[in-house]
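# Commentary on secondary and tertiary structure
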Amino acid sequence: MNSIKLRKNNLCIENISLLTLAKKYHTPFYCYSLTQLKNNFVSFKNTFKSIKPLICFSIKSNSNLFILKELKKIGSGADVVSVGELLKALRAGIKPEKIVFSGVGKTEEEIKIAIKKKILLINAESESEVNLINKISKKLSKKTSIGIRLNPNISGKTHKKISTGSKYEKFGLLYNDFINLCKKVKKMKNLKLEGLSVHIGSQITDIEPFEKVLSLLNKLLKKTNINFKYIDLGGGMGISYAKKEKEINLKKYSQLVKNFLKKKNIRIIFEPGRIIVGNTASIISKVIYIKKSGNKRFIVLDVGMNNLMRPALYGAKHQILPIKKTNKKISGEIEFVGPICESSDKFLNQKSFPRIKEGDYVCLTHAGAYGMSLSSNYNVRPMIAEILVTGSKHRLIRKRQNLNDLIKN
Ligand code: LLP
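Residues numbered from 1 in each chain as written. Predicted model: local features only at pLDDT ≥ 70, side-chain atom pairs only at ≥ 80, totals over all residues. Heavy atoms only, no water.

### Focus: the side chain of Glu-110
Within the fold, Glu-110 resides in helix α5 (residues 108-116). The side chain of Glu-110 sits in the buried core without any salt bridge; Lys-106 is the nearest counter-charge, 8.0 Å away. Contact partners of Glu-110, with chain neighbours within four places excluded, come to Ser-82, Val-83, Phe-101 and Gly-105. (Helix = DSSP H or I, 4+ residues; strand = E, 2+ residues; numbered from the N terminus. Buried < 20%, exposed > 50% of the residue type's maximum accessible area, 1.4 Å probe, protein only. Lys, Arg positive; Asp, Glu negative; His and termini not counted. Salt bridge = Lys/Arg side-chain N within 4 Å of Asp/Glu carboxyl O. Contact = heavy atoms within 4.5 Å.)

Written as structure tokens, this is what we have:
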């Protein structure tokens, strides 16, 4: 599924052609479909409706305030990993009792704010962090609800840079350490141990790793007899970035979780990011130059790796489509690249592509998750605008950064 469709030879997002938008807004820009966003959230919620989980949208995947407000309206909570994300979630109107805070390096300042705001759970990732939360809670005369993150030593079978579940990664506590720490927390006066959290990685398209996690949790619960009020299963559900690519079977996952919950009085928390926003946005970009080099044709776009890091960081492939359909083709070695001075500033290689010329527009699809949120000002390039489409309406939901602001320091 994708938010863009071909209509009368023009690619459209909802009821607007991308060409109309490209002429109106300064390229490159992100362009979101609000309908797709809502559909994704509601469909996720419906798939798991029999277990009524708390769905905490993972803000790191997309932190646009407008998007957060829309998700809040349809019932989303938030998974945050910094005080910045926490304050943004609150600003979007998300209630503290729907916010969970993960991350291996929460600072004293961040913990203080999280405690004062009374969020649902601080998911601690080490004994030192637990001690610090206890100490700060004592100073503030509070009893803080925490979760502890388990490192299950289970591989998510995903790209190594977005895999978090193995014992070689910095995340969570290993099985025995986890149990020992839970016992210690039980004795701490200013902490309430309410949650167990686990997140084994992102873009996981195979159900088996999730199955393994659930069976490990079953074993752990039986062995320890700890009554967790919440089990936070994290996010990680993978989407398909191109036709015929595998995506996670959510129905199967929901069935597994349902079975896991039998005879247990536990509320499940999910922290989905990519599956909610991934397919909601495309980047619209202009072809600046077409450059021939030997047998190769470089198509130089005005979008760079600073705007979409995923190809350079993870070798991710985002489909590139011309926004106007033509039946004519070019073929040979074709490489789409950006303007940044790094050889990793490349997006896609193709053997053939619809005929395209300088000044034409293309779109890079499935850029809604970890697109804008991972972007930077590298090469002193402004962050690009974000546009949101609903039906036939479009609006700016983040202005393109002003170059004058950028050159001040
Ligand atoms: N919960 C925790 C604790 C996480 O670390 C993450 C993602 C999520 C939830 C959300 O995972 P999702 O449902 O989106 O897979 N920049 C990379 C992805 C990094 C994921 C980091 N953690 C990318 O562009 O593929």
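### Here's the deal with the domain arrangement of the protein chain
Per the domain assignment, the segments of the protein chain are domain 1 (4-32 + 278-406) and domain 2 (103-270). For domain 1, the biggest contributors to the area lost against domain 2 are Arg-310, Tyr-314 and His-366; these three give 55% of the whole. In this structure, the connection of domain 1 to domain 2 is made through zero salt bridges. For the pair domain 1 and domain 2, the interface holds four residue pairs in polar contact (both at pLDDT 80 or more). Its residues placed into classes, the side of domain 1 that touches domain 2 shows three nonpolar, six polar and two charged. (Domains from an automatic or database assignment. Buried area = accessible area lost by both parts, 1.4 Å probe. Polar contact = N/O pair within 3.5 Å; in protein donor to acceptor, adjacent residues only side chain to side chain. Nonpolar A, V, L, I, M, F, W, Y, C, P; charged D, E, K, R; others polar.)

### Some thoughts on the side chain of Thr-280
You can see Thr-280 is positioned in the loop between α10 (274-277) and β14 (281-293). Setting aside residues up to four positions removed in sequence, Thr-280 forms contacts with Ser-3, Ile-13, Cys-31, Tyr-32, Ser-33, Gln-36, Leu-37, Asn-40 and Gly-368.

### Quick notes on the site of the ligand
The environment of the ligand is formed by 19 residues, the closest being Ser-202, Glu-271, Arg-310, Tyr-314 and Tyr-370. Here Gly-273 contributes a backbone N or O atom positioned 2.9 Å from an oxygen atom of the ligand. With the chains in place, 91% of the 590 Å² that the ligand exposes on its own is no longer accessible. Split by residue class, the shell around the ligand holds five nonpolar, eight polar and six charged. Both domains that furnish three or more residues to the shell around the ligand are identified here as domain 1 (4-32 + 278-406) and domain 2 (103-270). (Near = heavy atom within 4 Å. Areas by Shrake-Rupley, 256 points an atom, 1.4 Å probe, with all protein chains shown as cover.)

### Comments concerning the sheet that holds strand β2 (residues 10-13)
Read across the sheet, three strands follow the order β1-β2-β3 without closing on themselves; strand pairing throughout is antiparallel. Edge positions in the open sheet fall to β1 (4-7) and β3 (16-17), since each of these has one partner strand only. Where β2 meets β3, two bridges bridge the pair, whose relative direction is antiparallel. Bridge pairing in β3 places Ile-13 opposite Ile-16. (Pairing = 2+ DSSP bridges.)

### Remarks on the environment of Met-305
Among the structural elements, Met-305 can be located in the loop between β15 (296-301) and α11 (310-314). Distance from Met-305 to Asn-249, taken between C-alpha atoms, is 31 Å for residues 56 residues apart in sequence. Residues within four places of Met-305 in sequence aside, it is in contact with Ala-312, Ile-340, Glu-342, Ser-344, Asp-345 and Phe-347.

### Section: the environment of Leu-261
Within the fold, Leu-261 resides in helix α9 (residues 250-261). In this structure, the C-alpha to C-alpha distance between Leu-261 and Asn-218, residues 43 residues apart in sequence, is 9.3 Å. Not counting residues within four places of it along the chain, the set of residues in contact with Leu-261 comprises Ile-51, Ile-266 and Ile-268.

### Looking at the environment of Lys-351
Looking at the secondary structure, you find Lys-351 in strand β18 (residues 346-354). In this structure, the C-alpha to C-alpha distance between Lys-351 and Ser-215, residues 136 residues apart in sequence, is 45 Å.

### A look at the packing of aromatic side chains
Aromatic ring pairs: the centre-centre distance and the angle between the two ring planes describe each pair. Applying the stated rule across the entire model yields ten aromatic pairs. Consider the rings of Phe-44 and Phe-48, whose centres lie 5.0 Å apart with planes at 45°: the pair is tilted. Here Phe-44 matches Phe-48 in class, with each residue buried. Members of the aromatic cluster, connected to one another through ring pairs, are Phe-44, Phe-48, Phe-210, Tyr-253 and Phe-270. Directly above the ring of Phe-101 sits Lys-106, whose terminal nitrogen or CZ lies 5.7 Å from the centroid. Over the ring of Tyr-175 we find Lys-219; its NZ or CZ atom is 4.9 Å from the centre of that ring. (Phe/Tyr/Trp six-rings, centres within 6.5 Å; stacked < 30°, edge-to-face > 60°. Lys NZ or Arg CZ within 6 Å of the ring centre and 35° of its normal.)

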